[in-house]
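Observations on the model geometry
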Amino acid sequence: MSSQDILQSVSTLASYNVLLQVMFRVLTFLLNAFTLRFVSKELIGVVNVRLTLLYSTLVFLSREAFRRACLSGQSGKKHSWRPVINLLWMTVPLGVLWAVLLSYVWLWLLEVPDAHTVPYYSPAVVLFALSGVQELLAEPLWVLAQAHMFVRLKVVAESLAMIAKCSITVVLVVFSREWGLYIFSAAHLVYTGILVLCYAVYFIRFLGSKEAARNSFPLRRVRDLLPRRQYGEPLVDRNLARLTWSFFKQSFLKQILTEGERYVMTFLNVLSFGDQGVYDIVNNLGSMVARFIFLPIEESFYIFFAKVLERGRDVKSQKQEEVAIVAEVLECLLKLVLVIGLIITVFGYAYSHLALDIYGGSLLSSGSGPSLLQCYSCYVLLLAVNGVTECFVFAVMSQEEVDKYNFIMLALSVSFLFLSYVLTGWAGSVGFILANCLNMGLRILHSLLYIHRYFQLSRWKPLQGLLPSPPILLALAVSAVVTTVSEAFFCCDSGLLLRLVHISVGAICLLGVVVAVLLTETKLVQFVSTQLLPRFRKKRT
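Residues numbered from 1 in each chain as written. Predicted model: local features only at pLDDT ≥ 70, side-chain atom pairs only at ≥ 80, totals over all residues. Heavy atoms only, no water.

A closer look at the overall build of the protein
Stated precisely, the cut-off is as follows: To qualify as a helix, a DSSP run of H or I must reach at least 4 residues; to qualify as a strand, a run of E must reach at least 2; elements of each kind are numbered from the N terminus. This radius of gyration counts C-alpha atoms alone. The globule rule is 2.2 Å times how many residues there are, raised to the power 0.38. Partly exposed describes any residue whose relative accessible area lies between the buried limit of under 20% and the exposed limit of over 50%, with all areas from a 1.4 Å probe on protein chains only and scaled to the type maximum. The contact definition used throughout considers only heavy atoms, calling two residues in contact when any of these lie within 4.5 Å. Charge assignment: positive for Lys and Arg, negative for Asp and Glu; neither His nor the chain ends contribute. Charge positions come from single atoms, namely NZ of Lys, CZ of Arg, CG of Asp or CD of Glu.
A count of helices and strands for the protein gives 21 helices and zero strands. Radius of gyration (C-alpha) of the protein: 24 Å, near the 24 Å computed for a compact globule of 541 residues. Across its three principal axes, the protein shows a C-alpha extent of roughly 75 × 55 × 45 Å. Counting only residues that meet the buried cut, the protein has 56% of its 541 residues in that class. Sequence-distant contacts, at least 24 apart, represent 84% of the contacts inside the protein between residues at least 6 apart. One way to put it: in the protein the 46 positive side-chain charges average out to a point 10 Å from where the 33 negative ones average out.

Written as structure tokens, this is what we have:
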């Protein structure tokens, strides 16, 4: 597969992932707004912070290193998939081990919520751990699907699973709210079960079919999906195993940076369960755009960079026509996420109070909620840039460079935990966002320096021209002033009519920014229209 074909497939994958994340975020957004009116904020805090942290830690530490290693370009069609599949099945026993260890910590070492306010905590811990192990059963199938660009499978599987989860949650919250944490545990168990079922059914039907033969799919029978030794081949790919170990050591640090505020809340008890619930709702609201736009782009283009460039080789040793494509794609991606991040920062500051008031009423719009969401709007800009820069860096780093970067991540993790604890005592829940901003800025600086050194000996400079054009910066500056003044005069306690005026002012300003982008960033607009929007056309041979 040529680099252009890979780019087209990955771009389509990114587009589908964006649509999928939009649906997930919208459903979660509506589900949280609904459950806020039926359950206590303490119960929401335990589910969204304590139990979700258990699940995400278990799953991330069990599979993330295997995913990055097995999708790093060493497992393409010209390589045997048997050792790779054997390696991927190791995620299941590893997940069982993590489930036992983490369940013990969550049940015996952490503060247990009040049984009257948050009932059935202990069974919920066991069920959330079980759902994580259950999801790992689909890991070899997920990697196969990603590596061979089965872009629709992920969309269908996760859509069905999420719809089932939301439906069960709504029904049980309305009719059996006395079940407490059983409601959310059962819904999550159904979600992971349907996810595994969808992948299993697809590959059972696909293997041995005419479509599989036409696409030269490397596996032919269902039993090829199971772990076994094949004559003349090693049980696992040793190079991939070593690379997996490097990523595994790094995954601890990345998980702390990703979920750091939840670890601080869970282990240091800096916020009550009710305050944790409010913080998590505001955090999810603030991160909606970051997760359904930036994260799918990062995941999909990591595959592109890893497949087109050879890991551990300098730019002079790569195919120059492919380096040219990568440099252009990287520059366009950075400019795209930078523009989107600036728009979110400018308009998020002036519309945070209104958004929280509409979403959750005075429960969210009073207190620290608005200032928390305003700070998060600035943090989104850093999230956007870091996602793209790190996905490139991790795709091209050699194993030795990954090991060296682990020490940097260790220092960042320690500093983040310290800053979170100190800043939370000074600024409350806003301190979590400030600590994240400082650490994210350092990660961006490291990635930018690495990218600069990587392309230093070539004629391509993807970091040049990252700043938007002056008309866009001017439009954003004017919008920031106008919307801030509009909030002061029209929002948010002066009635529905003035709220609509405030919204209209923002819409007009946003239209002006979009027009400035369309008129001045023609290269960026062309990249988005040709690469990020799904295009259903036949591939040219």
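Having put the structure on the table, let's press on.
A word on the nonpolar core
To keep things clear, this is the line we draw: As used in this record, nonpolar core signifies buried Ala, Val, Leu, Ile, Met, Phe, Trp, Tyr and Cys residues forming a set joined through side-chain atoms within 4.5 Å.
Core analysis: the biggest nonpolar cluster contains 174 residues, and Tyr 199, Phe 203, Phe 305, Phe 392 and Phe 455 have the highest contact counts within it. Broken down by element, the residue count for this core peaks at 23 residues, all from helix H14 (residues 320–360). Not counting residues up to four positions away in its chain, the partners in contact with Tyr 199 are Ala 138, Leu 141, Trp 142, Ala 145, Leu 153, Lys 154 and Ala 157.

Observations concerning the pattern of salt bridges
Inclusion rule: Salt bridges are identified by distance alone: a Lys or Arg side-chain nitrogen within 4 Å of an Asp or Glu carboxyl oxygen.
Taken as a whole and judged by the stated rule, the model has ten salt bridges. Arg 262 is paired through a salt bridge with Asp 280; the nearest N and O atoms lie 2.8 Å apart. Within this pair, whereas Arg 262 is found in helix H11 (residues 260–268), its partner Asp 280 is found in helix H12 (residues 273–286), the two being separated by 18 residues in sequence. According to the relative accessible area criterion, Arg 262 is buried, its value standing at 7%. Note on Asp 280: relative accessible area 2%, which makes it buried.

Brief notes about H11
Counted residue by residue, H11 has seven buried out of nine residues, so it is predominantly covered. Those residues of H11 that sit buried are Gly 260, Glu 261, Arg 262, Tyr 263, Val 264, Met 265 and Thr 266. On the buried face of H11, the contacting elements are helix H2 (41–70), helix H10 (238–258), H12, helix H17 (399–427) and helix H18 (430–454). Directly after H11, the chain includes Asn 269, whose backbone phi takes a positive value near 55°.

Here we look at the confidence of the model for the protein
As a reminder, the rule being used: For every residue, the predictor assigns a confidence score, pLDDT, that lies between 0 and 100.
When pLDDT is averaged across the protein, the result is 83; 91% of the residues are at 70 or more. Of the regions scoring below 50 in pLDDT, residues 534–541 engages in eleven contacts with residues more than four places distant in sequence or in other chains.

Description of the packing of aromatic side chains
Basically, it comes down to this: We call Phe, Tyr and Trp rings a pair once their centres come within 6.5 Å, taking the six-membered ring for Trp, and we label the pair stacked below 30 degrees between planes, edge-to-face above 60, and tilted otherwise. Whether a charge sits over a ring comes down to the Lys NZ or Arg CZ being within 6 Å of the ring centre and within 35 degrees of the ring normal.
As enumerated under the stated definition, the model contains 21 aromatic pairs in all. On the basis of an interplanar angle of 45° and a centroid distance of 6.3 Å, the ring pair of Phe 203 and Phe 217 is categorised as tilted. Taken as a pair, Phe 203 in helix H8 (residues 181–206) and Phe 217 in the loop between helix H9 (210–214) and H10 lie far apart in primary sequence, 14 residues in all. Note on accessibility: Phe 203 and Phe 217 belong to one class, buried. Within the aromatic cluster, the residues linked to one another by ring pairs are Phe 301, Phe 304, Phe 305, Phe 392, Tyr 454 and Phe 455. Across the ring face of Trp 142, the terminal group of Arg 67 is positioned such that the distance to the ring centre comes to 3.5 Å. We note Arg 68 situated over the ring of Tyr 302; from NZ or CZ to the ring centre the distance is 4.8 Å.

Overview of the side chain of Ser 62
What counts is decided by this rule: Any N or O atom pair separated by 3.5 Å or less is treated as a polar contact, with the protein-specific requirement of one donor-capable and one acceptor-capable atom, and with residues adjacent in sequence counted only for side-chain atom pairs.
Here Ser 62 lies in helix H2. Within the structure, the side chain of Ser 62 is placed 2.7 Å from the backbone oxygen of Leu 58, a separation counted as a polar contact.

With respect to the packing of helix H4 (residues 91–109) against helix H5 (residues 121–136)
Formally: Interaxial angle, 0 to 180 degrees, is taken between N-to-C directions of lines fitted to C-alpha atoms, where a helix line uses only the stretch in contact. Should an angle fall under 35 degrees it is taken as roughly parallel, and over 145 as roughly antiparallel, whereas 65 to 115 is taken as roughly perpendicular and any remaining angle as oblique. Note on convention: near helix rotated counterclockwise from far helix by under a right angle means a left-handed crossing. Clockwise means right-handed.
Direction vectors running N to C along H4 and H5 enclose 165°, while the axes themselves pass 9 Å from each other. Considering their axes alone, H4 and H5 lie roughly antiparallel with respect to each other. Taken as a pair, H4 and H5 cross one another with a handedness that is right-handed. Along the contact surface, H4 presents Thr 91, Val 92, Gly 95, Val 96, Ala 99, Ser 103, Trp 106 and Leu 107, while H5 presents Tyr 121, Ser 122, Val 125, Ala 129, Val 133 and Leu 136.

Structural notes on a nonpolar patch on the surface
Put simply, the rule is: Exposure above 30% relative accessible area and the absence of a salt bridge qualify a residue for a patch, where like charges join within 9 Å and nonpolar side chains (Val, Leu, Ile, Met, Phe, Trp, Tyr) within 5 Å. Only the protein chains shown count as cover for residues, and all accessible areas are computed by the Shrake-Rupley method using a 1.4 Å probe.
A surface patch of nonpolar side chains, amounting to about 510 Å² of accessible area, comprises Phe 267, Leu 268, Phe 418, Tyr 421 and Val 422. Elements that contribute at least two residues to the nonpolar patch include exactly H11 and H17. Of the residues forming the nonpolar patch, the biggest block, three residues, is contributed by H17.

A few points about unusual backbone geometry
The phi dihedral of Tyr 120 is positive, around 65°, even though this residue is not glycine. In this structure, Tyr 120 sits in the loop between H4 and H5. We classify Tyr 120 as partly exposed; its relative accessible area is 39%. For Asn 269, which is not glycine, the phi torsion reads 55° and is therefore positive. Examined against the element boundaries, Asn 269 turns out to sit in the loop between H11 and H12.

Considerations on the side chain of Ser 103
Position of Ser 103 among the secondary structure elements: in helix H4. According to the relative accessible area criterion, Ser 103 is buried, its value standing at 12%. For Ser 103, the contacting residues outside a window of four places in its chain are Leu 54, Trp 98, Val 125 and Ala 129.

So, the environment of Pro 140
Looking at where Pro 140 falls in the secondary structure, it is placed in helix H6 (residues 139–147). Along the chain, Pro 140 and Tyr 199 lie 59 residues apart, while their C-alpha atoms are 9.8 Å from each other. Setting aside chain neighbours within four positions, we find Pro 140 in contact with Leu 88 and Trp 89.

Focus on the packing of H2 against H4
Inclusion rule: Residues are grouped as follows: Ala, Val, Leu, Ile, Met, Phe, Trp, Tyr, Cys and Pro are nonpolar; Asp, Glu, Lys and Arg are charged; every other residue, Gly included, is polar.
Where H2 contacts H4, the axes come no closer than 9 Å and their chain directions differ by 150°. By the angle between their axes, H2 is roughly antiparallel relative to H4. Where H2 crosses over H4, the handedness of that crossing is right-handed. On the side of H2, the interface is formed by Arg 50, Leu 53, Leu 54, Thr 57, Leu 58, Leu 61, Ser 62, Arg 63 and Phe 66, while H4 contributes Thr 91, Leu 94, Gly 95, Trp 98, Ala 99, Leu 102, Ser 103 and Trp 106. The class makeup of the residues in the contact of H2 with H4 is ten nonpolar, five polar and two charged.

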